[in-house]
Amino acid sequence: QVKLVESGGGLVQPGGSLRLSCVPSGIIVRTNTMAWYRQAPVKERELVARINMFSSTRFADSVKGRFSISRDNGLNTVYLQMNNVKPEDTAVYYCNADPPSDSWGQGTQVTVSS
């Protein structure tokens with residue numbers, strides 16, 4: 001059974017930074033492609049960043065150069081480092097495999113506002 005727990009969100013000013021963490025149960029991050037997704041109000045969920053088992057990464061155009069994704073195999077944890085955040089980054093952020101499992105966590109709210 002897959003369970004995903006995201007944390008690290010909060011209120012941040014434009015230009016600031018946040019690091020999100022995800023601890024999945026039932027998914028081994030070392031051997032799976034993991035991804036961060038986000039969903040803003042009245043918008044569909046979108047894939048923001050992904051990292052495969054070879055540590056190759058890919059990002060949505062909107063976050064390239066500002067976000068990075070990494071993992072700690074020993075802790076079975078995936079991170080999303082968000083730098084130079086913008087108001088349009090405001091959303092609930094989720095992690096999951098790519099393609100995603102049917103189970104989603106509660107996500108972590110990121111609000112970018114001055």
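As a starting point, this report considers the structure included with it. (Residues numbered from 1 in each chain as written. Predicted model: local features only at pLDDT ≥ 70, side-chain atom pairs only at ≥ 80, totals over all residues. Heavy atoms only, no water.)

### Focus: the overall build of the protein chain
Consideration 1: When helices and strands are tallied, the protein chain shows zero helices and 10 strands.
Consideration 2: Counting from the amino terminus, the protein chain carries its helices and strands in the arrangement β-β-β-β-β-β-β-β-β-β.
Consideration 3: In terms of overall size, the protein chain behaves like a compact globule, its C-alpha atoms giving a radius of gyration of 13 Å where 114 residues would be expected to give roughly 13 Å.
Consideration 4: Principal-axis analysis of the C-alpha atoms gives the protein chain an extent of 40 × 25 × 20 Å.
Consideration 5: Restricting the contact set of the protein chain to residue pairs at least 6 apart, pairs at least 24 apart contribute 52%.
Consideration 6: As displayed, the protein chain has an accessible area near 6,200 Å², and 47% of this comes from carbon and sulfur atoms.
Consideration 7: Of the side-chain charges in the protein chain, 12 are positive and 9 negative, and the distance between the mean point of each set is 5 Å. (Helix = DSSP H or I, 4+ residues; strand = E, 2+ residues; numbered from the N terminus. Rg over C-alpha atoms; globule rule 2.2 N^0.38 Å. Contact = heavy atoms within 4.5 Å. Areas by Shrake-Rupley, 256 points an atom, 1.4 Å probe, with all protein chains shown as cover. Lys, Arg positive; Asp, Glu negative; His and termini not counted. Charge placed at Lys NZ, Arg CZ, Asp CG, Glu CD.)

### Quick word on the nonpolar core
Consideration 1: Counting 28 residues, the largest nonpolar core has Trp36, Phe67, Ile69, Leu80, Met82 and Tyr93 as the members making the most contacts within it.
Consideration 2: When contributions to this core are tallied by element, the ones reaching two or more residues are β3 (18-25), β4 (34-39), β5 (46-51), β7 (67-72), β8 (77-82), β9 (91-97) and β10 (108-112).
Consideration 3: The element best represented in this core is β9, accounting for four residues.
Consideration 4: The contact partners of Leu80, leaving out residues within four places of it in the chain, are Leu18, Arg19, Leu20, Trp36, Ala49, Phe67, Ser68, Ile69 and Tyr93. (Core = buried A, V, L, I, M, F, W, Y, C linked by side-chain atoms within 4.5 Å. Buried < 20%, exposed > 50% of the residue type's maximum accessible area, 1.4 Å probe, protein only.)

### Overview of the state of the cysteines
Consideration 1: The final tally for this structure, using the stated rule, is one disulfide.
Consideration 2: The disulfide partner of Cys22 is Cys95, and the gap between their sulfur atoms is 1.6 Å. With a gap of 73 residues between them, Cys22 in strand β3 and Cys95 in strand β9 connect regions that are remote in the sequence. Comparing Cys22 with Cys95 shows no difference in burial state: the two are buried. (Disulfide = S-S within 2.5 Å.)

### A few points about the sheet that holds strand β1 (residues 3-7)
Consideration 1: Reading across the sheet, the four strands line up as β1-β3-β8-β7 and stay open at both edges, with antiparallel pairing between neighbours. Taken across any chain shown, the strands that pair with only one partner, and hence form the sheet edges, are β1 and β7. Here the average twist between neighbouring strands, direction ignored, is 20°.
Consideration 2: With six bridges connecting them, β7 and β8 associate as antiparallel partners. Paired with Ser68 across the two strands is Gln81, which belongs to β8. (Pairing = 2+ DSSP bridges. Axes fitted to C-alpha atoms, helices over the stretch in contact; angles between N-to-C directions.)

### Looking at the pairing of β5
Consideration 1: Inspection of the sheet shows β4 paired to β5 by five bridges, in the antiparallel sense. Note that in β5 the partner of Trp36 across the bridge is Ala49.
Consideration 2: Hairpin connection of β4 to β5: six residues between the antiparallel strands, including Val42 at a positive phi of 55°.
Consideration 3: Judged from the three bridges that link them, β5 and strand β6 (residues 57-59) form a sheet pairing that is antiparallel. Directly across from Ala49, in β6, lies its bridge partner Phe59.
Consideration 4: Between β5 and β6, which follow one another and run antiparallel, lie five residues, and Ser55 among them has a positive phi close to 65°.

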